[in-house]
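# Fold and contact review
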Amino acid sequence: MKKLSILCLIMALIVATCSFSAVVFAAEGTTQQSTNPGIFKNSKGITLTASTDGFYYTNDAEFTYVDNSGSATATKYYSAVVTKEQAKTLTGAEVAALANKVENGIATFTKENNAGTYIAFTNQTADGNYTKTKVVCYDTVAPVIDNAKLTEWLTSDANDHEWYKATIPASKDLALPTEWLKNATILSEATALTDTADANNSSLLTVKVLYCNPNSYFHSSEKWDEADNDVSATTYGVWHFRYVIVDKAGNESVQSDAITRTVVHPGTNPQIELTSTQLKVQTTGIKAGTTYTIPTPTVTAVGTSASYTYQITKLVGEDYVVIYDSETGKITEGYEDFVTTAGSLVPGKNEVAGKDEDGKAVYLYKVVYNAKDNYGYTNTLTLNVLTTQPDAEMSAFDVWETVLIVIASLAAVGIVVLLFVKPKDKAEEAGRKHYGDDNQ
């Protein structure tokens, strides 16, 4: 196989109004065609690879076409600048009819006839056949991102995603949304534009991401790292992202104005915990009619802090209704007798928990804790409050009866004490003691 370098192109100004639409290359219509076309190499010697639409894209003004006609030695080499529509269907013979014969493997294009960006190539072999037509799209125009419209798309709930405004769980493969690439009003890229001219073929585009983790200063361009669309984001805190869109020719556009800001969170909800002593209210309960101070829980969150509020709910009929909300500090109208201004619970004296048909306690009051961390993740915990029979109250008669009983008891105790205490001996009279006449 004879290999010839037949083309070295130095392309200058590309007319912006030219049609750069990416099209699917149609198969040759002639039977007089070899199946072994040539290959393309850029100025660095790197072989170009055909894209999914069959075209070879490059932004390198200098590339070489190398004959690959196999056993059939090529005798003539043709290339021609063609339109997009021609590139779809031109056979090798038709390319030859449009082009000048390429002598010694070198093709020359002037600025005037280089207005098109699609260049078709074919070889004619000694047996009269043509190699399969191959088309190179020379493109130096980068994609254009409409940052205002991209931001609008990212912040819109209508697009079935929550990227820009919501928190995102930490992930080793955090993928940015890319559905917007298909929207030709957000991204302008001529070589990816479909025939309908209202959408892009996203398979002809590559997405990269520039990002700053929470430990970097995003205002400094040196702190931006680069990754494929999947980013390993496992550090908790504020991350900054920017899209980089690359077309098949290698031109890229960096999202400039709309820096995507979001918060990466470990993906776990804050935890609410009560001690075993605090939980006893669910089993041993409190006496109905007594004041119950709502216990303070322990609230923790991974990588951040969290706060909590609580609501006191009361069983009314078959439903629990909120009678107090600590967040607002308001007591629901009509329930002022059951909650203090400090937010403590005061069950009615006759509000004793009953039991259901299964013998389980029917709680008349519940405390619902609501925790929220600084990333917006939430959690709830319900504490059941068991109300038990209050202590019996004593009437005035009962009180006097009790007092008299106590007095009588004390008197009885005094009598018993007197009975067992030995009287003190009578003191001897003062002066001389008389013992009879014999003692005078």
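Since the model is a prediction, treat every value here as computed from it, not as a measurement.

### Considering the overall build of the protein chain
- Looking only at helices and strands, one finds five helices and 30 strands in the protein chain.
- In the protein chain, which comprises 440 residues, the proportion classed as buried is 40%.
- Summing over all exposed atoms, the protein chain offers an accessible surface of approximately 25200 Å²; the carbon and sulfur share of this is 51%.

### Thoughts on the pattern of salt bridges
- If you walk through the whole model with that rule in mind, you get three salt bridges.
- Residues Glu-226 and Lys-208 are paired through a salt bridge, measuring 3.2 Å at the closest nitrogen-oxygen approach. In this pair, Glu-226 sits in strand S15 (residues 225–228) while Lys-208 sits in strand S14 (residues 205–212), placing the two residues 18 residues apart along the sequence.
- The partner of Glu-351 in a salt bridge is Lys-314, and the shortest N-O contact between them spans 2.2 Å.

### Thoughts on the environment of Tyr-243
- Relative to the elements of secondary structure, Tyr-243 occurs in strand S17 (residues 237–247).
- For the pair Tyr-243 and Leu-176, spaced 67 residues apart in the sequence, the C-alpha separation amounts to 8.9 Å.

### Comments concerning the sheet that holds strand S24 (residues 319–325)
- Taken in spatial order, the five strands of this open sheet run S25-S24-S23-S28-S29, and their pairing is antiparallel. For this open sheet the edge positions go to strand S25 (330–331) and strand S29 (378–385), each flanked by a neighbour on one side alone.
- Where strand S28 (residues 365–373) lies against S29, eight bridges are found, and the strand directions are antiparallel. Each bridged residue has a counterpart across the sheet, and for Tyr-365 the counterpart in S29 is Val-385.

### Regarding the environment of Tyr-310
- When you line up the elements, Tyr-310 lands in strand S23 (residues 306–316).
- Under the relative-accessibility criterion, Tyr-310 is labelled buried at 11%.
- As a C-alpha pair, Tyr-310 and Asn-370 span 60 residues in sequence and 5.9 Å in three-dimensional space.
- In contact with Tyr-310, other than residues within four places in its own chain, are Ile-294, Tyr-324, Asp-325, Ser-326, Ala-342, Gly-343, Val-367, Val-368 and Tyr-369.
- Within the structure, Tyr-310 has its side chain in polar contact with the backbone oxygen of Gly-343 (distance 2.9 Å).

### Side note on the environment of Tyr-365
- Structurally, the position occupied by Tyr-365 is in strand S28.
- On the basis of relative accessibility, which here comes to 0%, the residue Tyr-365 falls in the buried class.
- When the C-alpha atoms of Tyr-365 and Ala-353 are compared, they prove to be 9.0 Å apart, with 12 residues separating the residues in sequence.

### Some words on the packing of aromatic side chains
- For the coordinates displayed, the defined rule picks out 10 aromatic pairs.
- Ring centres 6.4 Å apart and planes at 55 degrees place the aromatic pair Tyr-310 and Tyr-369 in the tilted group. Taken together, the residues Tyr-310 in strand S23 and Tyr-369 in strand S28 connect sequence positions 59 residues apart.
- Feature note: the residues Tyr-308, Tyr-310, Tyr-324 and Tyr-369 constitute an aromatic cluster, connected by ring pairs.
- For the cation-ring pair, Arg-242 lies above Trp-224, with the distance from its terminal atom to the ring centre recorded as 5.2 Å.
- Sitting above the plane of the Phe-338 ring, Lys-314 keeps its charged end 4.5 Å from the centroid.

### What about the nonpolar core?
- Within the largest apolar cluster, 41 residues are counted, with the highest numbers of intra-cluster contacts made by Trp-180, Val-231, Phe-241, Tyr-243 and Ile-245.
- Those elements that place two or more of their residues in this core are strand S5 (74–82), helix H2 (92–98), strand S7 (118–125), strand S9 (134–138), helix H3 (147–155), S14, strand S16 (230–233) and S17.
- If sequence neighbours within four positions are ignored, Ile-245 has contacts with Pro-143, Ile-145, Trp-180, Leu-181, Leu-187, Leu-205, Thr-206, Val-207, Asn-251, Glu-252 and Ser-253.

### Some details on the confidence of the model for the protein chain
- In the predicted model, the protein chain carries a mean pLDDT of 77, and the fraction of residues at 70 or more is 72%.
- In this model residues 1–35 is a low-confidence stretch, pLDDT under 50, and it forms 115 contacts with partners more than four residues away in sequence or in other chains.
- Residue range residues 103–116 is modelled with pLDDT below 50. Its contacts to residues more than four positions away, or to other chains, number 24 contacts.

### Considering the side chain of Arg-242
- One can find Arg-242 in strand S17.
- The exposure class assigned to Arg-242 is buried, which follows from its relative accessible area of 18%.
- At a separation of 2.9 Å, a polar atom in the side chain of Arg-242 contacts the main-chain carbonyl oxygen of Gln-255.

### Looking at the pairing of S14
- Counted residue by residue, S14 has seven buried out of eight residues, so it is predominantly covered.
- When S14 meets S15, the two strands line up antiparallel, connected through four bridges. Bridging across to S15, Leu-210 finds its partner in Glu-226.

### A closer look at the pairing of S23
- For S23 and S28, the ladder comprises nine bridges, and the chain directions are antiparallel. Looking across to S28, one finds that Tyr-308 is bridged to Ala-371.
- Judged from the six bridges that link them, S23 and S24 form a sheet pairing that is antiparallel. Each residue of the ladder has a partner; that of Lys-314, found in S24, is Val-321.
- Counted between consecutive antiparallel strands, the loop separating S23 from S24 contains two residues, among which Gly-317 sits at a positive phi close to 70 degrees.

Rules behind the numbers
- Residues numbered from 1 in each chain as written.
- Predicted model: local features only at pLDDT ≥ 70, side-chain atom pairs only at ≥ 80, totals over all residues.
- Heavy atoms only, no water.
- Helix = DSSP H or I, 4+ residues; strand = E, 2+ residues; numbered from the N terminus.
- Buried < 20%, exposed > 50% of the residue type's maximum accessible area, 1.4 Å probe, protein only.
- Areas by Shrake-Rupley, 256 points an atom, 1.4 Å probe, with all protein chains shown as cover.
- Salt bridge = Lys/Arg side-chain N within 4 Å of Asp/Glu carboxyl O.
- Pairing = 2+ DSSP bridges.
- Contact = heavy atoms within 4.5 Å.
- Polar contact = N/O pair within 3.5 Å; in protein donor to acceptor, adjacent residues only side chain to side chain.
- Phe/Tyr/Trp six-rings, centres within 6.5 Å; stacked < 30°, edge-to-face > 60°.
- Lys NZ or Arg CZ within 6 Å of the ring centre and 35° of its normal.
- Core = buried A, V, L, I, M, F, W, Y, C linked by side-chain atoms within 4.5 Å.
- pLDDT = per-residue confidence, 0-100.

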